[in-house]
Amino acid sequence: MRSIAIIGGGITGVTTAYALARRGHAVTVFEKHRYVAMETSFANGGQLSASNAEVWTHWSTIVKGLKWMLRRDAPLLVHPSPSWHKLSWFAEFIGSIPHYRRNTVETVRLAIAAREHLFSWAAAENIDFDLRKQGILHIYRDRKSFEHAAEVTRLLAEGGLQRRGVAPDEMREIEPTLAGNYYGGFYTESDSTGDIHKFTHGLAAAAARLGVVFRCQQNVTALRTDGHGAHVSVDNGRGVETESFNAVVVCAGTASRRFAAMLGDRVNVYPVKGYSITVNLLDWTSQRSAPTVSLLDDETKLVTSRLGMDRFRVAGTAEFKGFNNDIRADRVRPLIDWVQQCFPGIDTRSVVPWAGLRPMMPNMMPRVGRGRSPAVFYNTGHGHLGWTLSAVTADMIAGVVEENLGRGDRVALQAANA
Ligand SMILES: Cc1cc2nc3c(=O)[nH]c(=O)nc-3n(C[C@H](O)[C@H](O)[C@H](O)COP(=O)(O)OP(=O)(O)OC[C@H]3O[C@@H](n4cnc5c(N)ncnc54)[C@H](O)[C@@H]3O)c2cc1C
């Protein structure tokens, strides 16, 4: 049994803890908040969406970013103020454009594999997270965007995902509450939705039953390694204390870049801000007027999830403005307007806004693997798909940790026997 520290109690940290504990390791999770899943894993779009696996590293993203730069309600907003972090990130983003196809296919493969783990863990641990397996419908208002989606569909099929084109009549059959005129849609029956916060809490409880220690309200201030393992320093309000482990896995979301720098690694995660609203469906008319099938509106870049009977989540927008969690009324307004246009029967008097920072790598691929030191591992940088991918990357990193620590044991044994 090896002692492993995990930095961060979001979806990636908790799934990693669970996967490692199931393999029999002694795991300690450090989380600065009082509870797990209080940052980006709090109120996201809810989609478990292999159909949203297309990476953004495409010239069309750059063109849109430039076009929308001065529009305050733009779905993608790049603030012009320069910083070394932002510039280096965009340089790497552009450098990854040639790998758009390969990375999209790889992401869809991961997303499909992730479902298996997530559903089996939820069933084994009896976790209620408002899971809804009714598919995801992508909606398009014009021919050009529908035709681009048809190309993406071929790419998704290479990764093993089936989704089919649907005409406006069939779109209405799939989701009768949707109002408006559409050119067409693509429907992925195998996709689903659920509440990331509820799931993370449920899985954390299951991990605790397996012996995982959750050290909440512990602000990690420094990470260090040497020949004897990894050392975690925390400020718990009474001063700084340092604890040692055989290994550390960094799952710290947008803070992962800073921790990686302390460990001599480069993990160029950028905080890409997004917003969500949770509409409380207080009356029967609102509940009947809200969709149960999940939607993705490619033009406005909004996604939806129906969480139980009485909550409707709408999320989206991407803003490049550094570490900023402010909830701005002019960014929330377009989400409410969209609900009123597409679902006019929903009463929007009770709306809870939220903003979170997606931990995004410039190539849009999560960083899953070893660091420079043999005692350091990363499972982070899942960007817009952390909920979708977390279960499979947790399983992957647990395998990598085991293999590497096992190798350490073998080397030590050989040295002892020599
Ligand atoms: C608006 C929006 C909509 C989204 N919609 C979807 C969707 O529909 N489907 C999907 O798959 N994904 C979606 N995502 C992405 C997904 O939510 C994220 O990828 C995922 O939540 C990231 O999880 P994480 O564990 O990497 O980060 P986090 O959840 O942020 O966890 C990192 C943890 O590390 C802790 N931490 C940081 N620093 C320290 C420190 N010094 N000491 C101790 N602890 C520390 C933090 O407190 C935090 O709890 C969306 C994101 C946003 C913003």
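Here, every reference points to the structure presented above.
Only a predicted model underlies this, so the values are computations on that prediction, with no experimental measurement involved.

Participant: Could you clarify how one ought to interpret a nonpolar patch on the surface in this entry?
Facilitator: Together, Tyr35, Met38 and Phe42 give the surface a local cluster of nonpolar side chains, amounting to about 250 Å² of exposed area. Mapped onto the fold, Met38 is located in the loop between β2 (26-30) and β3 (47-48). Relative accessible area serves as the criterion here: at 33%, Met38 is assigned to the partly exposed category.

Participant: Could you clarify how one ought to interpret the pairing of strand β17 (residues 311-320) in this entry?
Facilitator: The side chains of a regular strand alternate between both faces of the sheet. Most of β17 is tucked away, with 10 of its 10 residues classed as buried. The sheet contact formed by strand β4 (residues 76-78) and β17 spans 3 bridges and is parallel. Residue pairing in the sheet places Leu76 in a bridge with Ala318 of β17. Of the strand pairs in this sheet, strand β16 (residues 302-307) and β17 are connected by 6 bridges, and their pairing is antiparallel. By the bridge assignment, Arg306 is partnered in β17 with Phe312. The turn linking β16 back onto β17 is made up of 3 residues, and Gly308 within it adopts a positive phi angle of 70°.

Participant: Before we go on, may I ask you to explain empty space enclosed by the protein in this structure?
Facilitator: Empty space among the atoms can be located by rolling a probe the size of a water molecule over them. This structure, assessed with the given rule, holds 2 cavities of 30 Å³ or more. In this structure, the largest cavity encloses a volume near 50 Å³. Along its surface, the largest cavity is lined by Leu48, Ser49, Ala50, Ala111, Ala114, Arg115, Leu118, Phe119, Asp191 and Thr388. With 5 residues, the top contributor of residues to the lining of the largest cavity is helix α4 (residues 100-125). Residue composition of the lining of the largest cavity, by class: 6 nonpolar, 2 polar and 2 charged. Looking at the second largest cavity, its volume works out to about 30 Å³. Pro168, Met171, Arg172, Leu178, Gly180 and Tyr182 together form the lining of the second largest cavity. Grouping the amino acids of the lining of the second largest cavity by side-chain chemistry returns 4 nonpolar, 1 polar and 1 charged.

Criteria and thresholds
- All residue numbers here refer to positions counted from 1 along the written sequence of the relevant chain.
- A pLDDT threshold of at least 70 governs which residues receive local features in this predicted model, and a stricter bar of 80 or more applies before side-chain atom pairs are shown or counted, although totals over entire chains, interfaces and linings include all residues.
- Here the side-chain values reflect all heavy atoms present in the structure, with hydrogen atoms and water set aside.
- Without a salt bridge and with relative accessible area above 30%, a residue can belong to a patch; like charges are then joined within 9 Å and nonpolar side chains (Val, Leu, Ile, Met, Phe, Trp, Tyr) within 5 Å.
- We get accessible surface area from the Shrake-Rupley algorithm with a probe of 1.4 Å; when it comes to residues, only the shown protein chains can shield them.
- When a carboxyl oxygen of Asp or Glu is within 4 Å of a side-chain nitrogen of Lys or Arg, the pair counts as a salt bridge.
- Put simply, DSSP H or I for four residues or longer makes a helix, DSSP E for two residues or longer makes a strand, and each gets a number counted from the N terminus.
- Relative accessible area decides the class of each residue, using a 1.4 Å probe on protein chains only: under 20% of the type maximum gives buried, over 50% gives exposed, and in between gives partly exposed.
- Paired strands, in this sense, are two strands between which DSSP finds at least two bridges.
- The method works on a 1 Å grid over the protein atoms by themselves. A cavity is a set of points holding a 1.4 Å probe that cannot get out, a pocket is an open set with protein on both sides within 12 Å along at least five of seven lines, and residues with an atom within 4 Å of a point line them.
- Grid points are joined across faces, edges and corners, and a volume is the space filled by probe spheres set on the points.
- Three classes are used, and their members are as follows: Ala, Val, Leu, Ile, Met, Phe, Trp, Tyr, Cys and Pro are nonpolar, Asp, Glu, Lys and Arg are charged, and the others, Gly among them, are polar.

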